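The chain contents come next:
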Amino acid sequence: MPKSRYDVVIVGSGLGGMVAAVILAKEGKKVCLLEKNKQYGGNLQTFVRNRVIFDTGVHYLGGLAPNQNLYRYFKYLGIMDDLRLQPMAEDGFDRVSFGDKEYGIAQGYERFTEVLSQAFPNEGPALEAYCKLLKDTCGSFPLYNLEDGAYSPEAMAGAASTVIESLTNNPTLQAVLGATNFLYAGIKHKTPFYVHALAVNSYIQSAWRCENGGSQIAKLLLRELRKHGGEAYRAREVVKFIVKDDRVSGVLLNDRSPIAGNTFIANMDVKRMISLVGATHFRKAYTNRIGGLEDGISAFSLYIVFKPGTFPYADCNHYHFNTPDEVWSAQDYTPADWPRGFMCSFTLSKNQGRWAEGMTCLAYMKYEEVAPWAKTFHTTLQANGRGTDYETFKAEKAARLLAAVERKFPGIGACIQNIYSSTPLSYRDYMGASGGNMYGYVKDAADPMRTAISVKTKLPNLFLAGQCVGMHGITGVTIGAVLTCKEILGDQVDLVGKIVGETEAFT
Ligand SMILES: Cc1cc2nc3c(=O)[nH]c(=O)nc-3n(C[C@H](O)[C@H](O)[C@H](O)COP(=O)(O)OP(=O)(O)OC[C@H]3O[C@@H](n4cnc5c(N)ncnc54)[C@H](O)[C@@H]3O)c2cc1C
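If you're wondering where the values come from, they're calculated on a predicted model, not measured in any experiment. (Residues numbered from 1 in each chain as written. Predicted model: local features only at pLDDT ≥ 70, side-chain atom pairs only at ≥ 80, totals over all residues.)

### Things to note about the domain arrangement of the chain
You'll often see interface size given as the accessible area lost when the parts meet.
At step 1: Its domain assignment divides the chain into domain 1 (5-45 + 57-84 + 212-294 + 445-500), domain 2 (109-210) and domain 3 (297-438).
At step 2: If you average the C-alpha positions of domain 1 and of domain 2, the two centres end up 27 Å apart.
At step 3: Listed by partner, the interface residues are 29 residues for domain 1 and 24 residues for domain 2.
At step 4: Here the side of domain 1 that touches domain 2 gets six residues from one element, more than from any other, and that element is helix 13 (residues 473-489). (Domains from an automatic or database assignment. Contact = placed C-beta atoms within 7 Å. Helix = DSSP H or I, 4+ residues; strand = E, 2+ residues; numbered from the N terminus.)

### Quick notes on helix 1 (residues 15-26)
The periodicity of an α-helix, 3.6 residues per turn, causes residues three or four places apart in sequence to face the same way.
At step 1: With 12 residues, helix 1 should cover 16 Å at 1.5 Å per step; its first-to-last C-alpha distance of 16 Å lies within 8% of that length.
At step 2: The buried fraction of helix 1 is high, at 12 of 12 residues.
At step 3: All of the buried residues in helix 1 are L15, G16, G17, M18, V19, A20, A21, V22, I23, L24, A25 and K26.
At step 4: In this structure, the buried side of helix 1 is in contact with strand 1 (5-11), strand 2 (31-34), helix 2 (69-77), helix 8 (215-227), strand 13 (258-266) and helix 13. (Expected span 1.5 Å × (residues − 1). Buried ≥ 20, exposed ≤ 12 C-beta atoms within 10 Å, placed from the backbone.)

### A look at the site of the ligand
At step 1: In the vicinity of the ligand lie 37 residues, with G12, G14, G16, G42 and G466 positioned nearest.
At step 2: When grouped by side-chain class, the residues that make up the shell around the ligand number 17 nonpolar, 16 polar and four charged.
At step 3: Residues lining the shell around the ligand come from more than one domain, with at least three contributed by each of domain 1 (5-45 + 57-84 + 212-294 + 445-500) and domain 3 (297-438). (Near = placed C-beta within 6 Å. Nonpolar A, V, L, I, M, F, W, Y, C, P; charged D, E, K, R; others polar.)

### Here's the deal with the packing of helix 5 (residues 160-167) against helix 6 (residues 171-178)
At step 1: Viewed as axis vectors pointing N to C, helix 5 and helix 6 meet at an angle of 140 degrees, and their least axial separation amounts to 9 Å. Accordingly, the angle class assigned to the pair helix 5 and helix 6 is oblique. Of the two elements, helix 5 crosses helix 6, and the hand of that crossing is right-handed. Seen from helix 5, the contacting residues are A160, S161, I164 and E165; seen from helix 6, they are Q174, L177 and G178.
At step 2: A class-by-class count of the residues in the contact of helix 5 with helix 6 yields three nonpolar, three polar and one charged. (Axes fitted to C-alpha atoms, helices over the stretch in contact; angles between N-to-C directions. Parallel < 35°, antiparallel > 145°, perpendicular 65-115°, else oblique. Left-handed = near helix turned anticlockwise from the far one by under 90°.)

### Points about unusual backbone geometry
At step 1: Put simply, W338 and P339 share a cis peptide bond, and its omega is -5 degrees.
At step 2: Positionally, P339 belongs in the loop between strand 15 (317-321) and strand 16 (341-346).
At step 3: Here the phi dihedral of N50 falls at roughly 50 degrees; this positive angle occurs in a residue that is not glycine.
At step 4: Considering the arrangement of structural elements, one finds N50 in the loop between strand 3 (46-49) and strand 4 (52-55).
At step 5: For N50, a count of 12 C-beta atoms within 10 Å gives the class exposed.
At step 6: Even without being a glycine, R51 presents a positive backbone phi close to 65 degrees.

### Some thoughts on the packing of helix 3 (residues 109-119) against helix 4 (residues 124-139)
At step 1: In contact at an axis separation of 10 Å, helix 3 and helix 4 are set at 150 degrees when each is read in the N-to-C sense. As summarised for this structure, helix 3 and helix 4 are arranged roughly antiparallel, according to the angle between their axes. Read as a crossing pair, helix 3 and helix 4 show a hand that is right-handed. The segment helix 3 lies against helix 4, with Y109, F112, T113, L116 and S117 engaging G124, L127, E128 and C131.
At step 2: Its residues assigned to classes, the contact of helix 3 with helix 4 shows five nonpolar, three polar and one charged.

This is the structure we're talking about:
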C-alpha cells in the first residue's frame, strides 16, 4: 500500500517517470511512482504470444556504445551493465527499400557515407553536408551531449524534408535520407529537422536491439528505484490532482485513496494532465494552446509468430515503400491505398539463432479509422473487448498489411504460425495517449515555440515529463526527464555535473 505522503509523487511509469523517479530517489527524495496498468513501463511494455516476446514501443536503441550519450545516462541510472543488448548490422542496421531496390543505413558516420556513396556515386558532397548538419544540429542541444546550458531556438528552425531537399537534387537519395521518418512520424515540410537529426543521429552512432524486449529497461529502473528507497505501485490510476492554494497538494487514486506530496510529476499526455488537474488552474492561453496541439498520428501493429526454423532472422529493420514518393506521403493514405509504407523489426530472443521467432510490422493509422469504437475501453486490467465488428476491422487491416509485407518478402506467408494485431485504440487505452498518438503532439518547424511544452507549469510544484514534452524516443525521453529533475532540484544540485562525474571513469 502506498503511504499517505511523499516528497515526490510521479504519475505514470513510462520511461520519463521511471528515469525521474530513480534520479530523485538517488538525490535522497522519498519517491512514489504510480502506474495505472498491470505492467510498468508504458511503451516499454512487452507481451507474449505463442512464447514469443513482442515489444509494443521499443524496437531498437541508439547511442549505447561506451562514451555515447544514452550509455552514459543509463550508466548513471545504474542499469547499463545489466542491459542485454545485441549490436545491429554495421553496414545496414536499417534497410530502406522502394520496390526491389534496397539501401543500407550504416553505423558510424564514415561508414554511413561510404555505403550510401556506393549507391549514389555522385552524391559524396551531399552526404558529407548531411552528416555535418546532423552533427551540428545535435551539437546545439547541450543535454544531448551531457552538457549544461540552454539550446538556441535557431537550432529548431527548418523542416526535415525541406532541409534534405536543399542538400541534393537526387529524389531517390532525398527519399532514402527521409525514409526512416516513421521514427518520428515525420510530416513533409512541417516536422522540424532537429527532430530528424536527434532521432537519426543516435542510431548512426550505434544501433542495438534488446534481447527479449525493451521491458528489461523498466525492470532495471524499478530495481534501481527500490534500491534507493523509492516505491512503485501498479494498477493505481490517478483520477485527480488535488489543488489547494495554487499548489498541488495530492493525487486521488481510482480507489478514492489520496496520496499527498510536496512535488508532483505528470508523466503522461499533457491534455490528460490538464483534465485531471482542472483547466481552471491554468492560464486560458496555456490550455487553449495545448488543447489546440495536433495529436501525432498513431499506428497499426501486426505481430507475426513464425513457424520454427522457417524465416531467417536479420539484425536490421526494414523501412519499405512501393516508390520513393511514398516516403513523405505515407501518412496521407486513403483506406483504398493503405498502407503506403511500413516498418518491420525482428524479435530478438536470448539465444538467437539463425531463424526468426517473431516480427513486428508497423504502418501509420489515423485515429479516425477507429472512431466507430472510440467509446470502448480495453486493457488487460479492464478487459471489455470492443465487439466483433472491431475484430473484423482488425482482421481486414492485418490481411492488407500482410499482403504488403508479402510483396516485400515473397513466401513469408508460408512461414507464419500466427498473427496478432493492435490499433490506435491500444495506444490510447494503455498509454493514455490522446488519439492514440505514437510520439506525442505534432511539432511544427514554422512555429517551433508554439509546439514546445515546458517541463514547468503554472502550479509551482507540478512538473511534466515524457514524450509529449520535448523529444520522444528512449534517448529523448531520458534526457527530458533529466531536464525535469534539474528544474525540481534547482541550482544547488549540479545534476549534469554528477552524471558526467559518475560516468567519466567508464569512458
Ligand atoms: C509503435 C512505437 C514504436 C516505438 N519504437 C521506438 C524505438 O524503436 N526506439 C525508441 O527509442 N523509441 C521508440 N518509441 C518511442 C518510445 O517508446 C517512447 O517515446 C517512450 O517510451 C515514451 O515514454 P513516456 O515517458 O512518454 O511514457 P509512455 O510510454 O507514454 O507511458 C506513460 C505511462 O503513464 C501511465 N499513465 C497515464 N495516465 C496515468 C494515470 N492517470 N495514472 C497512472 N498512470 C498513468 C500509462 O499507463 C503509461 O504507462 C516507439 C513508440 C511507439 C508508439
